[in-house]
There are 2 protein chains.
Amino acid sequence: MAERILVVGGNAAGMTAASRAKRLDPALRITVLESSRFISYSICGLPYALTGEVKSHQDLVAFTPQSLKEERGLQARIRVKVQEILPGRRVILCRDLESDEEFELGYDRLVLATGYVPRLPRIVGTELEGLFTVSRLEHGIAMRERLSQSQARRAAIVGGGYIGLMMAQALRTLGLEVMLMERNRHLYSQVDEEMALEIEQELSRQGVELLLGTAVHSLRGRNGRLEAVEAAGKLHAVDLALLDVGVAPNTELARGCGIPCGMSTAVQVDDRGQTPVSGIYAAGNCAETRHLVSGRPIFSALGTTAAKQGRVVGENLSGRRSTFAGSLETSVEKVFGLSVARTGLTLRQALQSGFEADAVTVKARDRASYYPASQSMKVRLVFEKRGGRLLGGQILGGDLAAKRIDTLVTALTAKMSLQDLSQLDLAYAPPYATLWDPIQIAANVGLRKVRRW
Amino acid sequence: MAERILVVGGNAAGMTAASRAKRLDPALRITVLESSRFISYSICGLPYALTGEVKSHQDLVAFTPQSLKEERGLQARIRVKVQEILPGRRVILCRDLESDEEFELGYDRLVLATGYVPRLPRIVGTELEGLFTVSRLEHGIAMRERLSQSQARRAAIVGGGYIGLMMAQALRTLGLEVMLMERNRHLYSQVDEEMALEIEQELSRQGVELLLGTAVHSLRGRNGRLEAVEAAGKLHAVDLALLDVGVAPNTELARGCGIPCGMSTAVQVDDRGQTPVSGIYAAGNCAETRHLVSGRPIFSALGTTAAKQGRVVGENLSGRRSTFAGSLETSVEKVFGLSVARTGLTLRQALQSGFEADAVTVKARDRASYYPASQSMKVRLVFEKRGGRLLGGQILGGDLAAKRIDTLVTALTAKMSLQDLSQLDLAYAPPYATLWDPIQIAANVGLRKVRRW
């Protein structure tokens, strides 16, 4: 009899694991269980659905349970909350969120792909209506409803991480007054300060009011509705607020059945995605992964890593022997006219990880200086002082700058040095690049700081 | 007394060698000798100066002899032809092309950076006025003069290589009727046929008349002026024609003093850029380089490789010990709305080089499919059947596709396999990429063809 596989969580990791396993072994009976109303959607596309640049939230959804069954032969059940795993009996306890009915499902193997949950700040008022986090498609739909029903004019973004930046842009694009409060001196700690500064300038240029080094002390409301954010000793009247003060791996279910979490707080897995509990795998943002530069276990909230972990688990489910090497926490985003990309370690992270590291930042042209559309871009390279091994990189610029980070991703994966970067045969033509690519200009400047012995 | 260094050729390789050496050892007395009227110009920018997208040919010039002296402390003499090298006496014989005066210059070390020369087809009529090749800025200026003086309406491009494509686009942009004649069944042999097909379609869409599989038999003129191109049994009346039937390393001077040329026909050098003749270096397109995938010596006509070779020779001139690893013949170009990028070996080249190779081509989106500007791109990967080592790659698409070739460049340099590509932590955000990058989609599809053992 064919194996029964249950997958808890119907997004990047869960859907990829299920699809890959089914493709390689069509005999597998696979069911995906998802607590929200949607499976296989792009949470990263949510800001664009909010502004209307993408017409409907439906456009962000790749599969419905119906189309998933027809096209890939996979079962999916939405609005089902998995409440407990009983590994001894190979059974999970579920609740149907529509009917409130409870039921059991048996499995031969189980995949946890439960993702992450937004953290809430420890302040009063986080229960108020008008306060949002963004980790599910439904959050975006609720926010869009709120915006269309009310005359919302002022919004606060609490926290300047990836989601905060994206939502600041979306709300500003919709014409709201937006203030962004960031506890640290600079927003977006995924890049070093001198790069963050450029993001801050772009946000200011676009009319986002920045309150840096500003902790939020409380959220104030009336009749259960948010009215103001207290920060820097002042009450800032707002119609809605978005919280982006961090995310945590969603490990409740795993911990409930004795699966240990690692140093990173995410579920402990081996390089095949297997947890220490027999028959249970974990993949995606709930599962630990390894940082390819520091070698340390990390919790990653990125969909790219989730999908790759899901693929590996899917292959292992089918009987192949597949392993996942790890992640560089690569990300890119578009903040109004600016592309912001990063990979590997920032200088701060490198020093914290014990590397004897240095960094160099150069400004260069993204295209031949004489070519009409040519514009400025910035490349920052983080490297080991001795020998010049690349440890990380950050790139800021226009549209043509964004994906150049992939060159650094590949170089980091191959453990290249600045000297290696300098000699890469990178592509040149006036409409797309300069004779010496900005990455190589940065490498050449950085080499002056490298000790060869 | 400080060493006297002479550099023959004032472009990518020569200027980089001179600048790098002077920067590292300011005591060196360096003179650059250039037979044309310009030094340090971008020949790749020439089509844009022709169309007026770049205002003046002067915009393509980085330094004049005057500014080179002031800013970098380098001497440069233009319109000086080096006629002979006497390595025994460490002297070169020169002729001033303005005064026709002959003179000698002594050197301690000499750098040959004489570039390439366009080949001429072995047919009658190549001496006619109205016929152009493009390898110097002066050729572009002459062509622009010709176009502004005459009522040129019809142009023929003979040969569909990089230069042919660029010039077809420039002349078409200027409103001329353009026909492109290519001897082979497909143009641009730097990519495999199925990719070339897309370039052909783009050229046709833009009104370029393509005559593929069509050899030119003669060039016909009257009173020394070109009037028609004979091809496919017909006389095609034209006002001007551009020849792009290949280039050869400019090795006359080297061979004249006994420096051997290698298998590739270019000047033989070691990995430091030294020729077998004491005190004489060669760098750039006249010098041989090594293909990083095939391991074979090659002649490369690319400015990127020339500049890197120049840098290495400059460092060696200064007393450092610097080596050049080699090239992948990476290139990118913009053919109207299409970006065309390639690196490493095509499938045809891989098979000819003795690899047991296969290839895969996928069509994918350059951005999230729901993101407004999203468009299609094509990725082709060439790989070893056993083990899946990457051997080359080709990418076609819009502006955002072009520089993604650098990911493949870096992967090739690191000798990565399709499996390695599949796990790269490449950057994703809806405005710039898809969750699985097109390169990884191609790698994943290609993996189905790879034998693991």
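Residues numbered from 1 in each chain as written. Chains lettered and ligands numbered in written order. Predicted model: local features only at pLDDT ≥ 70, side-chain atom pairs only at ≥ 80, totals over all residues.

> What is the right way to read the overall build of chain A from this model?
Helices and strands together make up the secondary structure of chain A, namely 13 helices and 25 strands. Here the C-alpha radius of gyration of chain A, 23 Å, is about what a compact globule of 453 residues would show, namely 22 Å. The principal-axis extents of the C-alpha atoms in chain A amount to approximately 65 × 55 × 40 Å. Evaluated residue by residue, chain A yields a buried proportion of 54% over its 453 residues. Considering only contacts in chain A between residues 6 or more positions apart, those separated by 24 or more positions represent 65%. (Helix = DSSP H or I, 4+ residues; strand = E, 2+ residues; numbered from the N terminus. Rg over C-alpha atoms; globule rule 2.2 N^0.38 Å. Buried ≥ 20, exposed ≤ 12 C-beta atoms within 10 Å, placed from the backbone. Contact = placed C-beta atoms within 7 Å.)

> It is not clear to me how the sheet that holds strand β2 (residues 29-34) of chain A should be interpreted in this structure. Could you clarify?
Backbone-to-backbone hydrogen bonds pair the strands of a sheet. The strands run either parallel or antiparallel. Residues and elements named next belong to chain A. Spatially, the five strands line up as an open sheet ordered β3-β2-β1-β7-β18, and their pairing is parallel. Looking at the sheet topology across the chains shown, the edges are occupied by β3 (75-78) and β18 (280-282). On average, each strand axis in the sheet is inclined to that of its neighbour by 20 degrees, with strand direction left out of account. Note that β2 and β3 share four bridges and pair parallel. Its bridge partner lying in β3, valine 32 is registered against alanine 76. (Pairing = 2+ DSSP bridges. Axes fitted to C-alpha atoms, helices over the stretch in contact; angles between N-to-C directions.)

> Explanation requested: the domain arrangement of chain A in the structure shown.
Interfaces are often sized by the amount of accessible area the parts lose when they come together. We note that the domain assignment places domain 1 (4-44 + 51-117 + 248-317), domain 2 (120-245) and domain 3 (338-447) within chain A. Look at where the C-alpha atoms of domain 1 of chain A and domain 3 of chain A centre, and you get two points 35 Å apart. (Domains from an automatic or database assignment.)

> Got a minute to help me understand the interface of chain B and chain A in this structure?
Counting residues at the interface gives 57 residues for chain B, matched by 57 residues for chain A. For the side of chain B that touches chain A, the elements supplying multiple residues, two or more each, are α8 (303-317), β21 (331-335), β22 (338-344), α10 (399-402) and α11 (405-413) of chain B. Top element by residues in the side of chain B that touches chain A is α11 of chain B. It accounts for seven residues. For the side of chain B that touches chain A, the residue count by class is 33 nonpolar, 14 polar and 10 charged. (Nonpolar A, V, L, I, M, F, W, Y, C, P; charged D, E, K, R; others polar.)

> Sorry if this is basic, but what is going on with the environment of alanine 301 of chain B here?
Residue and element names in this part refer to chain B. Position of alanine 301 among the secondary structure elements: in the loop between β20 (297-298) and α8. Under the C-beta neighbour-count criterion, alanine 301 is labelled buried, with 22 such atoms within 10 Å. Non-local contacts of alanine 301, meaning those with residues more than four positions away in its chain, are made with Tyr116, Val247 and Asn285.

> Is there a simple way to think about the sheet that holds strand β4 (residues 80-86) of chain B in this case?
All names here are of chain B. The strand order across the open sheet formed by three strands is β4-β5-β6, and the pairing between neighbours is antiparallel. Of all strands in the sheet, those bounded by a partner on one side alone are β4 and β6 (102-106). Taken pair by pair, the neighbouring strands of this sheet meet at an average axis angle of 30 degrees, ignoring direction.

> Could you clarify how one ought to interpret the pairing of β2 of chain A in this entry?
Residue and element names in this part refer to chain A. Relative to β2, strand β1 (residues 4-8) is paired through five bridges, and the arrangement is parallel. Bridge pairing links valine 8 to leucine 33 in β2. Remark: the β1/helix α1 (residues 12-24)/β2 crossover connection has right-handed handedness. (Right-handed = clockwise from strand over helix to strand, strands pointing away.)

> Where do I start with the relation of the copies chain B and chain A in this structure?
In this structure, two copies of a chain are linked by a rotation about an axis accompanied by a shift along it. At an RMSD of 0.0 Å, chain B and chain A line up after a rotation of 180 degrees and a shift of 0.0 Å along the axis. Taken together, the rotation and translation relating the two chain copies correspond to the operation of a two-fold axis. No C-alpha of chain B approaches the rotation axis more nearly than that of threonine 407 of chain B, which lies at 2.4 Å. (Least-squares fit on C-alpha atoms with pLDDT ≥ 70 in both.)

> Please explain α1 of chain A as it appears in this structure.
Residue and element names in this part refer to chain A. Between the first and last C-alpha of α1 there are 18 Å, a value that for 13 residues agrees with the 18 Å anticipated at 1.5 Å per step. Among the 13 residues in α1, 11 count as buried, and that is most of the element. For α1, the full list of buried residues reads Ala12, Ala13, Gly14, Met15, Thr16, Ala17, Ala18, Ser19, Arg20, Ala21 and Lys22. (Expected span 1.5 Å × (residues − 1).)

> Would you mind going over unusual backbone geometry with me for this structure?
With the exception of glycine, most residues fall at negative phi, and the peptide bonds are largely trans. Residue and element names in this part refer to chain B. Phi angles above zero are rare outside glycine, and arginine 79 is one such case at about 55 degrees. Here arginine 79 is to be found in the loop between β3 (75-78) and β4. At threonine 265, a position not held by glycine, the phi torsion is positive, near 80 degrees. The topology assignment puts threonine 265 in the loop between α7 (252-256) and β18 (280-282).

> Just to check I follow, could you spell out the pairing of strand β21 (residues 331-335) of chain A for this structure?
In the case of a regular strand, side chains alternate between the two sheet surfaces. Residues and elements named next belong to chain A. Counting buried positions over the five residues of β21 gives five, a clear majority of the element. Neither face of β21 is open: one carries Ser331, Glu333 and Val335, the other Val332 and Lys334, and all of them are buried. Relative to strand β22 (residues 338-344), β21 runs antiparallel, the two sharing five bridges. Among the inter-strand pairings, glutamate 333 is bridged to a residue of β22, identified as valine 340. A loop of two residues connects β21 with β22, the two strands running antiparallel in sequence, and phenylalanine 336 in this loop sits at a positive phi of about 55 degrees.

> I would appreciate a short explanation of the nonpolar core in the present structure.
In globular proteins that are soluble, nonpolar side chains generally tend to be buried together. Counting residues in hydrophobic clusters, the biggest one holds 306 residues, and the most contacted among them are Leu112 and Ala241 of chain A together with Leu112 and Ala241 of chain B. Ignoring any residue separated from it by four or fewer positions in sequence, one finds leucine 112 of chain B in contact with Val8, Leu253, Ala254, Val267, Ile280, Tyr281, Ala282 and Cys286 of chain B. (Core = buried A, V, L, I, M, F, W, Y, C linked by C-beta atoms within 7 Å.)

> I keep staring at the packing of α1 of chain A against helix α8 (residues 303-317) of chain A and nothing clicks. Help me out?
For any two helices packed against each other, the geometry is given by the interaxial angle and the distance between the axes. Residues and elements named next belong to chain A. Close contact between α1 and α8 brings their axes to 7 Å; oriented N to C, the two are set at 30 degrees. On the basis of their axis angle, the class for α1 and α8 is roughly parallel. Between α1 and α8 lies a crossing whose hand is right-handed. Every residue of α8 that contacts α1 at Ala12, Ala13, Gly14, Thr16, Ala17, Ala18, Ser19, Arg20, Ala21 and Leu24 is listed here: Gly303, Ala306, Ala307, Gln309, Gly310, Arg311, Val313, Gly314, Glu315 and Leu317. Among the residues forming the contact of α1 with α8, the class breakdown is 10 nonpolar, seven polar and three charged. (Parallel < 35°, antiparallel > 145°, perpendicular 65-115°, else oblique. Left-handed = near helix turned anticlockwise from the far one by under 90°.)

> Quick question: what am I supposed to make of the environment of valine 158 of chain B here?
All names here are of chain B. Position of valine 158 among the secondary structure elements: in strand β10 (residues 154-158). Spatially, the C-alpha atoms of valine 158 and valine 216 are 7.4 Å apart, while their sequence positions differ by 58 residues. Residues within four places of valine 158 in sequence aside, it is in contact with Met181, Val216, Ala241, Leu242, Leu243, Asp244 and Val245.

> What am I meant to see in helix α13 (residues 438-447) of chain B here?
Along an α-helix, residues three or four positions apart point the same way, because every turn accommodates 3.6 residues. What α13 of chain B keeps buried is the set Pro438, Ile439, Gln440, Ala442, Ala443 and Gly446 of chain B. Of the surrounding elements, those touching the buried residues of α13 of chain B are β23 (357-365), β24 (376-384), α11 and α12 (418-423) of chain B.

> Teacher, can you tell me more about the confidence of the model for chain A here?
Parts of the prediction with low pLDDT should not have their coordinates interpreted in detail. Averaged over all residues, the pLDDT of chain A equals 96, while 100% of them reach at least 70. Here the complex is predicted with pTM 0.97, and the ipTM for its interfaces comes to 0.97. (pLDDT = per-residue confidence, 0-100.)

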